[in-house]
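# Summary of the model geometry
Here are the chains, one letter per residue:
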Amino acid sequence: MAFIPKLCHNSTMEQMLFYSTAHFAQDHFDYYIIKKIPLKKINFMDKPSMQTNKIEFPPGFLWGTATASHQVEGGNQNNNWHLWEQIPGKILHGQKSGLACDWWNGRWKEDLDRAAQAGQNAHRLSLEWSRIQPSPGIWDDKALQTYQEIIQGILDRGMKPLVTLHHFTDPIWFIERGGWEKPDAIDAFASYVKKAVSFLAPLVNFWCTINEPNVYVYCGYLGGEFPPGKKNSFLAFKVMENMVKAHAAAYKAIHAIQPNAKVGIALNYRDMKPARPDSWLDSLIAGFHSKTYNDAFPVALQKGKLKFLFQRSAIPQAKGTQDFLGINYYTCDLVAFDLFKPSALFGRHFYPPGVPLSENKFLASVPSSMKEALLWAKKFGVPLVVSENGIEDSQDTLRPFYTVQHIYEMGKSIQEGCPVQGYFHWSLVDNFEWERAWTQRFGLWDLDVQTQERRKRPTVDIYADICKKNAISEEIWKKFGDKS
Ligand code: FCB
């Protein structure tokens, strides 16, 4: 039965009493077990009564953070991003990923300790293909063992792992063979997936094949900010098509190894609204942009037909290859028709006026679009996960509000029937933010890149309260829900 989150303002007094009594009993039961104090010694009047929550989440809901190999591991020198970092002008201020968060030397342990102590019960990480398969036909068992150790570390800390197999980075040998532009990318990816999944299957059954294929295609083949920095819509279509086929092949390979696996992708969903809702041209162009950016990939996995830009392709083997859909939601755009922007498909994108913007104006905080994203995703008829959501904010001034309000809207979407099963905040600790490098700080923990010291930002405790209570309490809501 679908879980209905409870909104305090429409609860009856009777319900409120029931919930506060239930929490009471549960808390004192734990206390009794842990401290071994006879129950009769506990004064039930110590506890403040009538504690209520603004919104509650389904039992077993996953609360975690998300990271990606190249952004946290450090020392990745065998992939396309390493090459990109060496080209002057590609990365802001010429910064490099370097040691990143030094996870490959073992600092994952302290970061995952922090995550677990902060009440998180899940973690999303990615595997670095270029480490596991440094050249064609060569497998690095030591790299696989390191991932095994990290994933075991996640389990030992009481967290469920969600493992991404491709998060923007490709091995250099793969790129030299033409990368995703060439059809043999499909077999190459599937054989890497088989190797990694066979090795790690005893520990994981929750897999994300490809992170944000739409961002990979838009930034690598239309905008040019990501490697290979091309602007070619014909190739963009080819890459998207090959990624759909590679996902389908990986999906089948994973299920052959592990029949109970849950396999999906993480899609970057960007809410796009007509700038002038009464303008049919704005509505037309916003609708077209949204369909191209948001719908193309998951619709191909649902129906086996890819429609992207002005091209079409039948990919019947992809039909029905998603057990869940991950939604990476960050921001919302207004879209206006613009005759002078043919290269941008006649659309001008900008943020809604008056909404809070992130530190570098990279993102706009529009929490209601989180709910809209999930209501949109519901049409695919599979369980949903918020696989990323967060904001760049070194001073942690907007993050507390952004986080609480977006989680609240996710709760409202569950109330409206969206089968959301988990939330992964981006990110656990500041990490290498692609072409924006170290200028954007998305971590719950601040990182000093030189000393590798971590400092807790205030949002850590706010998010921990939500994770531990599996709810947004009235207290948290009063502080961060209503204003920003
Ligand atoms: C997403 C990426 C992730 C991170 C966040 C801020 O698009 O998946 O790696 O860069 O943006």
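Since the structure is predicted, the reported quantities are computational estimates derived from the model, not experimental observations.

### Concerning the overall build of the chain
On a plain count of helices and strands, the chain comes out with 15 helices and 15 strands. Intrachain contacts of the chain at a sequence separation of at least 6 include 76% that bridge at least 24 residues.

### A closer look at helix α8 (residues 185-200)
Here α8 contains 16 residues, and its C-alpha end-to-end distance of 22 Å stays within 8% of the 22 Å for a straight helix at 1.5 Å per residue. All buried positions along α8 are accounted for by Ala185, Ile186, Ala188, Phe189, Ala190, Tyr192, Val193, Ala196, Val197 and Leu200. In this fold, the buried residues of α8 make contact with α5 (129-132), α6 (141-156), β4 (160-166), α7 (172-176), β5 (206-211) and α10 (233-257).

### Focus on the packing of helix α4 (residues 108-117) against α6
In contact at an axis separation of 10 Å, α4 and α6 are set at 20° when each is read in the N-to-C sense. Our classification of the angle between α4 and α6 gives roughly parallel. Relative to α6, α4 is oriented so that their crossing is right-handed. Contacts from Trp108, Lys109 and Leu112 of α4 reach α6 at Ile150, Gly153 and Ile154. Looking at the contact of α4 with α6 residue by residue, the classes come out as four nonpolar, one polar and one charged.

### Some words on the site of the ligand
All residues adjacent to the ligand are Ala68, Gln71, Asn211, Glu212, Val215, Asn268, Asn328, Glu388, Trp426, Glu433, Trp434 and Phe442. In the shell around the ligand, the residues fall into five nonpolar, four polar and three charged.

### Some remarks on the packing of helix α13 (residues 399-415) against helix α14 (residues 459-469)
Look at α13 against α14: their axes get within 9 Å of each other, and the N-to-C directions meet at 20°. One finds that α13 runs roughly parallel with respect to α14. Where α13 crosses over α14, the two elements pack in a sense that is right-handed. Two secondary-structure elements touch here, α13 through Arg399, Pro400, Thr403, Val404 and Ile407 and α14 through Thr459, Ile462, Tyr463 and Ile466. Tallied by class, the residues present in the contact of α13 with α14 amount to six nonpolar, two polar and one charged.

### What about the environment of Gly179?
Residue placement: Gly179 occurs in the loop between α7 and α8. Residues Gly179 and Pro228, 49 residues apart in the sequence, show an inter-C-alpha distance of 9.6 Å.

### Some details on the confidence of the model for the chain
In the predicted model, the chain carries a mean pLDDT of 91, and 89% of its residues have values of at least 70. Scored below 50 in pLDDT, residues 1-49 makes 38 contacts in the model with residues more than four places away or belonging to other chains.

### Structural notes on the environment of Ala318
Structurally, Ala318 can be placed in the loop between β8 (311-314) and β9 (324-337). C-alpha of Ala318 to C-alpha of Ala248: the two residues are 70 residues apart in sequence and 4.8 Å apart in space.

### Structural notes on the nonpolar core
Core analysis: the biggest nonpolar cluster contains 125 residues, and Val163, Val193, Met240, Ala250 and Ile327 have the highest contact counts within it. Ranked by the residues each element gives to this core, the list is headed by α10, at 13 residues. The contact partners of Val193, leaving out residues within four places of it in the chain, are Leu165, Ala250, Ala253 and Ile254. Ile285, Ala286, Leu334 and Val335 belong to the second largest nonpolar core, which has six residues in total.

Procedures and definitions
Residues numbered from 1 in each chain as written. Predicted model: local features only at pLDDT ≥ 70, side-chain atom pairs only at ≥ 80, totals over all residues. Helix = DSSP H or I, 4+ residues; strand = E, 2+ residues; numbered from the N terminus. Contact = placed C-beta atoms within 7 Å. Expected span 1.5 Å × (residues − 1). Buried ≥ 20, exposed ≤ 12 C-beta atoms within 10 Å, placed from the backbone. Axes fitted to C-alpha atoms, helices over the stretch in contact; angles between N-to-C directions. Parallel < 35°, antiparallel > 145°, perpendicular 65-115°, else oblique. Left-handed = near helix turned anticlockwise from the far one by under 90°. Nonpolar A, V, L, I, M, F, W, Y, C, P; charged D, E, K, R; others polar. Near = placed C-beta within 6 Å. pLDDT = per-residue confidence, 0-100. Core = buried A, V, L, I, M, F, W, Y, C linked by C-beta atoms within 7 Å.

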